[in-house]
Amino acid sequence: MIKYISTRIITLILIISVTSIVYEKYFFESDVLKHSDAIHLIRNLDPNTEVLYIGESSNSTAHATDFDKRKISEMTADFYPKLVFDDITKPASHAGIYKTLINKIPKKNQIKTLIVTLNLRSFGWDWVESKLETALNKKMVLLESDFALYNRFRLGFKAYNQKSEQERRQAVLKKWDAKLKIDKPYNSVNKWDKHIYKTGVLDDFGNRDDQKTALTAHFIKNYAFHIDTNNHPRIKDFDEIVEIAKKRNWNVVFNLLAENTERANELVGSDLVNMMVENSNLLKEYYTKKGVLVSDHLNLVADSLYTDRNWPTEHYKEKGRQIIGSHLATSLRQIYPEAYKHHTYLSYDEMIAKTNVYENNLETVKGWTNETRTNEQAFSGQYATKVNASHPYGPTLEIPFYKLNVSLKKSVSYSFKALLTDQNKTSEIVVELHQKDKSVVRKVKKLSEFNLNNHWQEVSHTFEIEEQFYNSEHFKIYLYNPVESAVYIDDLVIEFGK
Amino acid sequence: MLFNSIEFLIFLPTILILYFAIPSKYRWVLLLLGSYAFYMFWKVEYLALIVFSTVLDFFLGKKMGDLSTKKERKPYLIISLVLNLGVLFTFKYYNFFADSSSVILDWMNVNKTIPLSDLLLPVGISFYTFQTLSYSIDVYNNKIKPETHLGHFALFVSFFPQLVAGPIERFSSLSPQLKAIHKFNLEHIKNGFRLILYGLFIKMVIADNLSVYVDDVYADSKLFSSGSIVTSMFFYSFQIYADFYGYSLIAIGTAKCLGISLMDNFRTPYLSKTISEFWQRWHISLSTWFKDYLYFPMGGSRVKKTKWMFNIFIVFLASGIWHGANWTFIFWGLLYALLYISETKLALPNAIKTNKFVQIILILKTFIFVSIFWVFFRSQSISEAFDFFKYMAINTGETFKTLDVDIFIWGLLLFFIGVDHFLSRERFDVFIQNKPFVFRWMIYTVFISGILIFAGVEDYQFIYFQF
């Protein structure tokens, strides 16, 4: 019997060992690219990065009317021209995700300072048990620092924080039953929520305003909690980040994000705002004791500078990002007193007055909305942009057209290098002129008219703009390609009044 | 607890070691506690529902056993039916009922909305409810003697391998096996693990990989080309088969390790030549349940033609409702009833049916109909299913997305079809047990490596868990 069992166990170990070697050699890389695309965030980091900013969508979300659509991290970098800044920005992520990503940063690096987004709302149970959590956690499994085959095994057997949406909902509702330290009959989130729905929030005419009522309830659900530093899962993750940073000799800065306390006060009142302030003070104190530099922005951004109106978020308009960027830069002076250089952000008018030519070589992203940057192909440098059904809109330049000098409004020329993986008749260059009455005038030029193929070729086209559209509010120009076969473009130049 | 989870990979060997280590008379306690622990991994509170069903049917069964006539036993059967189906209704069908009623009230211009419940659907509720109901009905019909030991009965209701997705066992078959003394039998354990391995392979590698493509198209079929929609329709046929068959094999294999035989739930259903044959090969434990407890009591086929047709409609309607609280399942059941009756009416002469070529055509015909019907089963609403067919017909041209199916997936699918066909005569454990060591381990290597490297990564549980 012993011989029988040992033969089988040895055979099994052999099978698993060989499978492990085969997997690591032939399948792991493609699996990582397929199931853990966040790896690109690490691999695309500038190897000379000295200051690394890590955060979620608050870093990169801009408002449609922003001229400078850059990230908070880039705005902070404006104050340190001699330091190399880079960022890891992953929407909907939080400390648990940052922790895994930070662990994947190669041992050999130039990083001296790690700036981590400390988002108060991410401590709320609605976010801890967000329906996006399962997908986020799944994407991290292959990036864990265990054996490749073991991680693949965990992925296949769903051995990660995996719950159904319904289960998460139930977990949140349970957490919302916890007693809150407020002297009101509605002393839990669930009771408070019910109270708000029952009483409703009134509009200026004294009628029940359903939209406002819903928003008020959202604020309560997102911010009404007390952080327990001994048991909260986010604290555990942030603590681990501090430990990792210590081991790697990095300075750690926590960017305590601004929350819309002004709106919270207006809709809910001081009970909620006090809770927000208490929690943020607690975090500040807790992490300062651990040697972290906490840059506190909780109350710095006014309600009018938030982009989302129907949901509490940390998405700021240009001015809001500038406030946080510059304040964070000031905090960083404690670490880099010499490298700091005063910087003034340009206004819309100043920027527009400065140039009529907008270039984008895709190597860095400056002021252009762009989700399509790739290193699969490039005409120059390392990056181009890939536009296809997955991301049908190429890099988009948006400007408030009415502010342009009249002499520049008569035409706009768009030139770039293009490579088509396959012929298609649908991709086109699009100009949109948004009118005051919300109508949109579109002008298009089909790429099929340029006889392009799978080699890099120059494309150039000038759109004439009729005088009746000179007062257009907003101007957009982009490449649109809704089909599967990709169009790669690089070295974009847009010139007005040519 | 899911069969394809690390918890189960630890749970099963632990149970097996303890099972054979402790004296036989205490094994039912171990299996009962193990079964409850298995269920509690999903949700502790809902164990109360199983306990409720258990206690209810145990005492009602006992009471019925004391009474000599059917007339006397009837009230107790009615109590069992009402309470068991009442719990099922509350947790599974209430929202469907409330939603549909609100729509009807709206049509009637009655400004009233029936509130919805936010109760979670307990995993496997339809399975264990039907299992306990079969017990009550059998006791009522005097087919079996009622169980006198509450613990043994509780184990019959909650036996973990088949608790959450069947096979739905009968008391007369399962209970004696649960009470029997099973000596350690290496052959049983080996065959059990062979079935578990094959079950995991077809669930995790075949079903879960196909699900990616199916989910993609079903999420928004209007974006996809006709060809892609057709592909996803057929992929779903294989996904649901591999998913449920895989689950059943793991359940049967797990029970086998403990020395207990569960009924086969599938016999190469896609090789069926008629719908009637398909239902004799697909989810056999449910089909036979409906046959024994609904179709035959209504008179079966030994009634007038119109009554028989009515019986068929009722059985398929009940089967549809059993699957889920949605009009799609009801429509799905009714489509089967229509096709079943049509096929019986239009049956080919035996001389033609025996022709090989005709048989292939019949198999293809049945498979295509079953695949079309699965569209209703898979869709969230009937209109979504009709849209699926609409886009299948009109989405031509290069602007539509095409499913970029990896050649490897086609290879896997062909492999599965080939193996399934090959195993149509004997189950995998029977086929492999007498093969030479090297051959056996080559097959195991394919399955183990396949699971480790190619297991699907979607957050899918077993499809039938929702029922």
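See the structure shown above.
Read on for a plain summary of the structure. (Residues numbered from 1 in each chain as written. Chains lettered and ligands numbered in written order. Predicted model: local features only at pLDDT ≥ 70, side-chain atom pairs only at ≥ 80, totals over all residues. Heavy atoms only, no water.)

**Overview of the pattern of salt bridges**
All names here are of chain A. Counting across every chain of the model gives 41 salt bridges over all chains. Where E398 meets K69, a salt bridge forms, and the shortest distance between an N and an O atom there is 3.8 Å. One end of the pair, E398, is in strand β9 (residues 397-399); the other, K69, is in the loop between α3 (57-60) and α4 (72-77), and 329 residues separate them in sequence. The residue K71 makes a salt bridge to D87 at a minimum N-O spacing of 3.0 Å. Remark: D87 occurs in strand β2 (residues 85-89) and K71 occurs in the loop between α3 and α4; sequence separation between them is 16 residues. In this structure D87 comes out as buried when scored by relative accessible area, which is 12%. Among the charged side chains, a network of salt bridges with common partners joins K99, K236, D237 and E240. (Salt bridge = Lys/Arg side-chain N within 4 Å of Asp/Glu carboxyl O. Helix = DSSP H or I, 4+ residues; strand = E, 2+ residues; numbered from the N terminus. Buried < 20%, exposed > 50% of the residue type's maximum accessible area, 1.4 Å probe, protein only.)

**Quick word on unusual backbone geometry**
Unlike most non-glycine residues, A:N249 shows phi in positive territory, near 60°. In this structure, A:N249 sits in the loop between α12 (233-247) and β4 (251-256). Residues other than glycine seldom take positive phi values, yet B:N142 does so here, at roughly 65°. Structurally, the position occupied by B:N142 is in the loop between α5 (125-140) and α6 (150-158).

**Some points on the environment of A:L149**
Residue position: A:L149 is located in helix α8 (residues 148-156). Residues A:L149 and A:I182, spaced 33 residues apart in sequence, show a C-alpha to C-alpha distance of 50 Å. Every residue in contact with A:L149, bar those within four places of it in the chain, is listed here: A:I16, A:T19, A:S20, A:Y23, B:L452 and B:I453. (Contact = heavy atoms within 4.5 Å.)

**Side note on empty space enclosed by the protein**
Residues and elements named next belong to chain A. Following the criterion strictly, the structure yields one cavity of 30 Å³ or more and no others. In this model, the largest cavity occupies a volume close to 50 Å³. Looking at the largest cavity, the residues that line it are L215, F219, N260, R263, D303, D308, R309, W311 and P312. Of the residues contributing to the lining of the largest cavity, the split by class is four nonpolar, one polar and four charged. (1 Å grid on protein atoms, 1.4 Å probe; cavity = no way out; pocket = protein on both sides within 12 Å on 5 of 7 lines; lining within 4 Å. Points joined across faces, edges and corners; volume = space filled by probe spheres on them. Nonpolar A, V, L, I, M, F, W, Y, C, P; charged D, E, K, R; others polar.)

**As for the interface of chain A and chain B**
The accessible area lost on association of the parts is a frequent measure of interface size. Opposite the 36 residues of chain A that make contact, chain B presents 35 residues. Taking both sides of the interface into account, the surface hidden between chain A and chain B amounts to around 3100 Å²; carbon and sulfur atoms contribute 64%. When the buried surface of chain A facing chain B is broken down by residue, A:I15, A:F157 and A:K158 rank first, second and third, together holding 20% of it. At the boundary of chain A with chain B, the tally comes to two salt bridges. With a closest N to O distance of 3.9 Å, A:K158 and B:D208 form a salt bridge. Applying the counting criterion to the chain A and chain B interface returns seven residue pairs in polar contact (both at pLDDT 80 or more). Those elements giving two or more residues to the side of chain A that touches chain B turn out to be α1 (2-35), α7 (133-141), α8 and α9 (165-175) of chain A. (Buried area = accessible area lost by both parts, 1.4 Å probe. Polar contact = N/O pair within 3.5 Å; in protein donor to acceptor, adjacent residues only side chain to side chain.)

**Brief notes about the pairing of strand β6 (residues 357-360) of chain A**
Residues and elements named next belong to chain A. Residue alternation in β6 divides its side chains into a buried set, Y358 and N360, and an unburied set, V357 and E359. Relative to strand β15 (residues 487-496), β6 runs antiparallel, the two sharing four bridges. Counterpart to V357 in the pairing with β15 is E495. (Pairing = 2+ DSSP bridges.)

By themselves, these figures tell us nothing about what the structure is for.
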